[in-house]
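# Breakdown of the fold
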Amino acid sequence: MSDLSLYNATAQTEGTLALAHEKILRFFRGAVFENITGDLNNIAAVATPVTVARENYGNKGRSSVQKIGDNWVVTFDTEAVRDDNGAIAQAWLIDLINIAKAKGSANLADFQLFDAKDEALGAIEGTFSVTVADFATGYADKGGYKFTLTSDGIVEDITSPIAGDGKPIVESASPATATGVTVGDVLVLKGYHFTGTTGITMDAQTVLEKNIIDDNTIAFLVPASVSGSAPIVVTNAAGAGTSFPFTAA
């Protein structure tokens, strides 16, 4: 299960017009990769294979090539959001414009690009040269910038930053609330990474009887004397998952 917290926390600003955050672009700034996607439109990425010649065994006289990586060109647009004094409010945008105007190594910046929802689609990380051009929005009081990032050498494939950490994720409990719970009441959890569950607690009480039906389903008997707020925590070998809020009347 992909961790969608990056996607869910990507708030579009008034400078975005499209769902650019179906992809996530992060800019290495201030010693961390900063998610700048909420300010972006029209993220597009094109990969060009980097190849080397190789001998094609069994086919004398025929040449062949082997792919050893990719060069990438990433483009996107962003509208400058200005404060009441007319200054650009996005600090990252000011930094990137200045990098685009610089020369030599000062014209390089590090980025990550990956799908916002599906870790299986992979991710890339690398150093890119930066160019920028102004564009008109069609409004007299608004303007924006079109950026082109060109990889400086082969870009690395990395594990997607939204890849889950393997800990259990509880998405729902059925019934949604337990009224007058007693020993013997059964709750069914739906979620992810339940295979290999080592323990469950409810209202900090250990669940003694549980059935791990599959990786996405657990049924268990509610411990005695559970009432009121009774958060549920499922643990496996990777650790304890995030507490799932539950109320028992």
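As shown above, the structure is provided for reference.
Model, not experiment: these values are computed from the prediction.

Ranked by internal contacts, the top residues of the largest apolar core, which has 26 residues, are L25, F76, L96, F111 and V130. Those residues in contact with F76 that sit more than four places away from it in its chain are L25, L40, N41, N42, I43, W92, L96, Y145, K146, F147 and L149. With 18 residues, the next largest nonpolar core counts F194, I232, V234 and F244 among its residues.

Structurally, the position occupied by Q90 is in the loop between β4 (63-79) and α2 (91-101). A polar atom in the side chain of Q90 sits 2.9 Å from the backbone nitrogen of V81.

The next thing to look at is the sheet that holds strand β13 (residues 210-214). Overall, antiparallel pairing links the four strands, which are arranged β9-β10-β14-β13 in an open sheet. Of all strands in the sheet, those bounded by a partner on one side alone are β9 (169-174) and β13. Between one strand and the next, the sheet's axes are offset by a mean angle of 25°, whatever the strand orientation. Judged from the four bridges that link them, β13 and strand β14 (residues 217-221) form a sheet pairing that is antiparallel. Within β14, the residue paired with I212 across the bridge is I218.

The next thing to look at is the pattern of salt bridges. Within the structure shown, the criterion is met by five salt bridges. In this structure, E22 engages K117 in a salt bridge whose closest nitrogen and oxygen atoms are separated by 3.8 Å. One end of the pair, E22, is in the loop between α1 (5-8) and β1 (23-29); the other, K117, is in the loop between β5 (108-115) and β6 (123-136), and 95 residues separate them in sequence. The closest approach of N and O atoms between D77 and K146, which form a salt bridge, is 2.8 Å. Of this pair, D77 sits in strand β4 while K146 sits in strand β7 (residues 143-151), placing them 69 residues apart in sequence. Connected via shared salt-bridge partners are R29, E34 and D95.

Turning our eyes to something else, we now look at the environment of I88. Structurally, I88 is set in the loop between β4 and α2. Excluding residues within four positions of it along the chain, I88 makes contact with A80, V81, R82, L93, I94, I97 and Y145.

Criteria and cut-off values
Residues numbered from 1 in each chain as written. Predicted model: local features only at pLDDT ≥ 70, side-chain atom pairs only at ≥ 80, totals over all residues. Heavy atoms only, no water. Core = buried A, V, L, I, M, F, W, Y, C linked by side-chain atoms within 4.5 Å. Buried < 20%, exposed > 50% of the residue type's maximum accessible area, 1.4 Å probe, protein only. Contact = heavy atoms within 4.5 Å. Helix = DSSP H or I, 4+ residues; strand = E, 2+ residues; numbered from the N terminus. Polar contact = N/O pair within 3.5 Å; in protein donor to acceptor, adjacent residues only side chain to side chain. Pairing = 2+ DSSP bridges. Axes fitted to C-alpha atoms, helices over the stretch in contact; angles between N-to-C directions. Salt bridge = Lys/Arg side-chain N within 4 Å of Asp/Glu carboxyl O.

Keep in mind that these numbers describe shape and distance, not what the molecule does.
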